[in-house]
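Listed here are the chains, written in short residue letters.
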Amino acid sequence: MSLEDRAKATAKNVEGKAQEAWGDVTGDPQDKAEGKAKQAESEVRHATEDVKDNIKKAVD
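Residues numbered from 1 in each chain as written. Predicted model: local features only at pLDDT ≥ 70, side-chain atom pairs only at ≥ 80, totals over all residues. Heavy atoms only, no water.

> Account for the environment of G16, with residues named and values stated.
Its place among the elements puts G16 in helix 1 (residues 3-26). Residues G16 and R6 lie ten residues apart in sequence; the distance between their C-alpha atoms is 15 Å. For G16, the residues in contact, after removing those within four places along its chain, are G35, K38 and Q39. (Helix = DSSP H or I, 4+ residues; strand = E, 2+ residues; numbered from the N terminus. Contact = heavy atoms within 4.5 Å.)

And the structure:
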């Protein structure tokens, strides 16, 4: 996984956690849901890149 892709996925996770926390503070269920969705997207990005890394290692 490139460092740039990992940084983007981590930033998306942090953004999602912040948005979810903001939804908790304001009581806005939409913000909470969007924050959780961003965190899930980040997990998928990390998993995808991990698979790519494992394939690359197997090929090399």
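Additional details are given in the paragraphs that follow.
> Which residues make up the pattern of salt bridges, and what are the values?
Applying the stated criterion across every chain, the model contains seven salt bridges. A salt bridge links K36 to E20; the nearest nitrogen and oxygen atoms lie 3.8 Å apart. Here K36 is found in helix 2 (residues 29-59), whereas its partner E20 is found in helix 1, with 16 residues between them in sequence. Under the relative-accessibility criterion, E20 is labelled buried at 18%. (Salt bridge = Lys/Arg side-chain N within 4 Å of Asp/Glu carboxyl O. Buried < 20%, exposed > 50% of the residue type's maximum accessible area, 1.4 Å probe, protein only.)

> So, a nonpolar patch on the surface: which residues are in play, and what are the values?
Where nonpolar side chains cluster on the molecular surface, the patch consists of V51, I55 and V59 and spans about 300 Å² of accessible area. Of note, V51 is situated in helix 2. (Patch = residues over 30% accessible without salt bridge, like charges linked within 9 Å, V, L, I, M, F, W, Y side chains within 5 Å. Areas by Shrake-Rupley, 256 points an atom, 1.4 Å probe, with all protein chains shown as cover.)

> Lay out helix 2 with the relevant residues and their values.
Taking 1.5 Å of rise per residue, the 31 residues of helix 2 would be expected to cover 45 Å, and the 45 Å separating its terminal C-alpha atoms lies within 8% of that figure. All of the buried residues along helix 2 are D31, G35, Q39, S42, H46 and E49. Buried residues along helix 2 sit in contact with helix 1. For helix 2, the side-chain oxygen to backbone nitrogen distance between the N-cap and Q30 is 3.0 Å, and the N-cap itself is D28. (Expected span 1.5 Å × (residues − 1). Polar contact = N/O pair within 3.5 Å; in protein donor to acceptor, adjacent residues only side chain to side chain.)

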